[in-house]
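Examining the three-dimensional arrangement
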Amino acid sequence: MTGTIIENLSGRKLAILVSFLLLCQLTCFLIGLVAPMPANVQSILGTVCKDTTTVKNDTTKWFYNRGKGSCKNVNLGYTHHDLLETDIVFAFQMPLPRESKTLDYSRWQQNLIGVLQMDIKYHSQVEMPPRSTVTIDARLAYRNKGDPEDDWKLYTQSIEKRHLDCEIDIKSEEYLYNCSAIPLFELGSLFHDFYVLNVRLPVDTPTMNSHIRHIQDMWFKFLMLATLLCAALTVIDFMLGQVAEGRWKWDDNIELEYTSAFFTGVYGMWNIYIFALLVLYAPSHKRWPAVENASDTQNLSEEK
């Protein structure tokens, strides 16, 4: 007669197996302590740089605000008679330093999602429509550790059109429009250490970006998602993911207090639980003599 593995295990072997599974569970939590955060958001204020070059489509010229060869910041709050629309470049250098330390991206971080937020000042002579189309010339460059600070290399470039929804409650010269965030790009992998994004608002035609006249600032919000070792999906992950979507709402400041250890621990627990069910309740190859057949054989021998 055959049974399941758990029925044929001795007490000592079962204790060893349970101890091994608990050790695996503890290892999952310890891995989470050294893993990066599951998600992190950085809000970067774009540096307004002036492009003095003759050729505006030169992909070897990059604008950034830190390091050797950084550009000079231009304040758009003042009137510049020598500044044209084609001379303005918004530079976003990432990641941001923290506590005077230069940070770099990790291979653990598998996604980088970027959105733009524009601060547009109200002007009575040029009012923004409720919905408009914005043409964006975006160029992304990279460099790695050990490279010179001005050695930026082209990663990708594209001219994109996005819808921009803006509204204002009080129409006054001192107020800004409340504009929606603009989704810009998503990187499926972070192979390099540092990135810089240059954003231009081209005016190649008389109607291109003509409705955007008084940009005060541009914020470009970056969400980084990290790869965790356990990939099982749970209801807790879904619930936290729904709450995390509030990070994209510009007016809401939602902070989630969870760590990678929690995720790896929960995912590891479910994987260990399924592993234990499959192993302990699998059919056993050990065979035991049937009690009924043995008793019948004994009775037949006594009758003879």
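Identification of the protein as Wntless GOLD domain-containing protein from Arctia plantaginis is taken from an unreviewed UniProt entry.

**Quick look at the state of the cysteines**
With the rule as written, the count across this model stands at two disulfides. Covalently, Cys49 is tied to Cys71 through a disulfide, its sulfur atoms 1.8 Å apart. Of this pair, Cys49 sits in strand β2 (residues 47-50) while Cys71 sits in the loop between β2 and β3 (88-94), and the two are 22 residues apart along the sequence. For the residue pair Cys49 and Cys71, the accessibility class agrees, reading buried in each case. Within the protein, bonded cysteines paired by disulfides and numbered along the sequence follow the pattern 1-2, 3-4.

**Brief notes about the confidence of the model for the protein**
Per-residue confidence for the protein gives a mean pLDDT of 76, with 72% of residues at or over 70. Per-residue pLDDT stays below 50 along residues 227-235; that stretch engages in 17 contacts with residues further than four places along the chain or on separate chains.

**Looking at unusual backbone geometry**
Trans is the prevailing form of peptide bonds, just as negative phi is the prevailing case for residues other than glycine. In this structure, Pro95 follows Met94 across a cis peptide bond, with omega equal to 0°. Along the chain, Pro95 turns up in the loop between β3 and β4 (109-120). Although it is not a glycine, Glu99 adopts a positive phi angle of roughly 55°. Of the residues examined, Glu99 reaches a relative accessible area of 68% and is grouped as exposed. Of note in the backbone geometry, Ser100 takes a positive phi value of approximately 60° without being a glycine. For Ser100, the location among the structural elements is in the loop between β3 and β4.

Each value, and the rule that gives it
- Residues numbered from 1 in each chain as written.
- Predicted model: local features only at pLDDT ≥ 70, side-chain atom pairs only at ≥ 80, totals over all residues.
- Heavy atoms only, no water.
- Disulfide = S-S within 2.5 Å.
- Helix = DSSP H or I, 4+ residues; strand = E, 2+ residues; numbered from the N terminus.
- Buried < 20%, exposed > 50% of the residue type's maximum accessible area, 1.4 Å probe, protein only.
- pLDDT = per-residue confidence, 0-100.
- Contact = heavy atoms within 4.5 Å.

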